[in-house]
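Topology and contacts: notes
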Amino acid sequence: MNDEKKEAPKLTVKSVKEIKLPTGVLAMDVTPDAKNAYASCIDGGVYAVELTDGKTEKLGEHPSYVSGAALVANSPLLVSAGYDGMLQWHDTQERKTVRKVSAHQFWSWQSAASRDGKFIASVTGQYICGGYKYEPLPEREPSVRLFEAATGKPVYDFPHVPPVQSVAFSSDGKFLAAGNLMGEVRVWDVSTGKQISTFTTPSFTGWGIIKGHYYTGGIFALHFAANDEELYLAGMSSTTDPAAGNGKQLWQRFNWREGKKLGETADSDAGKGLMETLAFHPDGNYFAMGGRLENGKWSLALFDTKTGALLHSLDTKSRVTKAVFSRDGTQLFLAEALGQAKPKDGKIPDFGRITIYNLA
């Protein structure tokens, strides 16, 4: 499958609007009616964004980078997560922060909300060398934590090998998956708290031998397929200089119960770069993957879910941190970071944006 050329259906992707934010956007969620977005940014701000007129308003704030933004279904709540290890609940109607929960001692790398609005999950962990093989030290705190979305009450703490950099719920809300730097994925049943699967792929772990001996990279995004029986992973393939971000732009598809790989990015379709987000079109026929481009033709691409064929690609000239499809499938929203420049004359320059694309 990897190098086989496939005939792909035509797909039109047209940029129709760009909305600037004060600094790079690290996470985003979009309301079901596609009228509003909520962006978590490098400056610590959590912003409400009106997608029709581009108006932005600060909804809340963390003291450091904000890495997560997840709307709680069937409620006005948004949960943000940050490098301060905190989860914050924001009322999007009242425009105020209503709850703060200390989730981790270290960063929240990524967070997610279940589609049914019941749970919030957050993952953490720091890579500290634990032996002569440079294997990570055992976790000092739970690497995966599950909370009630309505109350912030802890539900389960799940063990993993830190750092754990990605997390995703199945579409039916029954399963939670988390992936780490070492390419290991674990899946739990959220009703019982029991781990029901684990598998490892070495493809996403980089072992540095040029500028230092260390592991870096990891699985940066996870997404269950529509049938919940398959799990997609995204990140960057192995490289001798992981810090350069010059591994293959990589997704892989697994039967997660058996740990069996079913497909991955074709070599002919990929350049080099670290992929950070996965999103599936509502009809399930194709998915988007985006991230940081080091050398190649695209930072955002759309792939056929059945064949793995590349349908469309574009170079956004940015770091794509989050992709979200509208519920009706006619639009794609990208959260982006364009750089981390120093403020000029005491003002923070525009280095973040949300871009809206029409799909046909």
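Use the structure listed above.
In what follows, the accompanying structure is described. (Residues numbered from 1 in each chain as written. Predicted model: local features only at pLDDT ≥ 70, side-chain atom pairs only at ≥ 80, totals over all residues. Heavy atoms only, no water.)

1. Some thoughts on the environment of alanine 221
Tracing the sequence through the fold places alanine 221 in strand β20 (residues 219-224). By relative accessible area, alanine 221 is classed as buried at 4%. Residues alanine 221 and glutamine 165 lie 56 residues apart in sequence; the distance between their C-alpha atoms is 7.8 Å. If we skip the residues at most four places from it in the chain, alanine 221 touches Ser166, Tyr232, Leu233, Ala234, Glu276, Thr277 and Leu278. (Helix = DSSP H or I, 4+ residues; strand = E, 2+ residues; numbered from the N terminus. Buried < 20%, exposed > 50% of the residue type's maximum accessible area, 1.4 Å probe, protein only. Contact = heavy atoms within 4.5 Å.)

2. Side note on the packing of aromatic side chains
A complete count under the given rule lists 19 aromatic pairs for this structure. When the centroid spacing of 5.6 Å and the interplanar angle of 25° are considered together, the rings of tyrosine 156 and phenylalanine 158 count as stacked. You can call phenylalanine 158 buried: its relative accessible area is 2%. Measuring from ring centre to ring centre gives 6.0 Å for phenylalanine 224 and tryptophan 256, while their planes differ by 85°; the resulting arrangement is edge-to-face. Of this pair, phenylalanine 224 sits in strand β20 while tryptophan 256 is found in the loop between β22 (249-255) and β23 (260-264), placing the two residues 32 residues apart along the sequence. Residue tryptophan 256 is classed as buried on the basis of its relative accessible area of 0%. Taken together, the aromatic side chains of Tyr232, Trp251, Phe280, Phe287, Trp298 and Phe303 make up a single cluster linked through ring pairs. (Phe/Tyr/Trp six-rings, centres within 6.5 Å; stacked < 30°, edge-to-face > 60°.)

3. Description of unusual backbone geometry
Cis geometry marks the peptide bond from proline 162 to proline 163; its omega dihedral reads -5°. With respect to the element layout, proline 163 can be found in the loop between β13 (154-158) and β14 (164-169). Positive phi is not limited to glycine here, since lysine 317 has a value of about 60°. Examined against the element boundaries, lysine 317 turns out to sit in the loop between β27 (310-314) and β28 (319-325).

So yeah, pure geometry; function would need other evidence.
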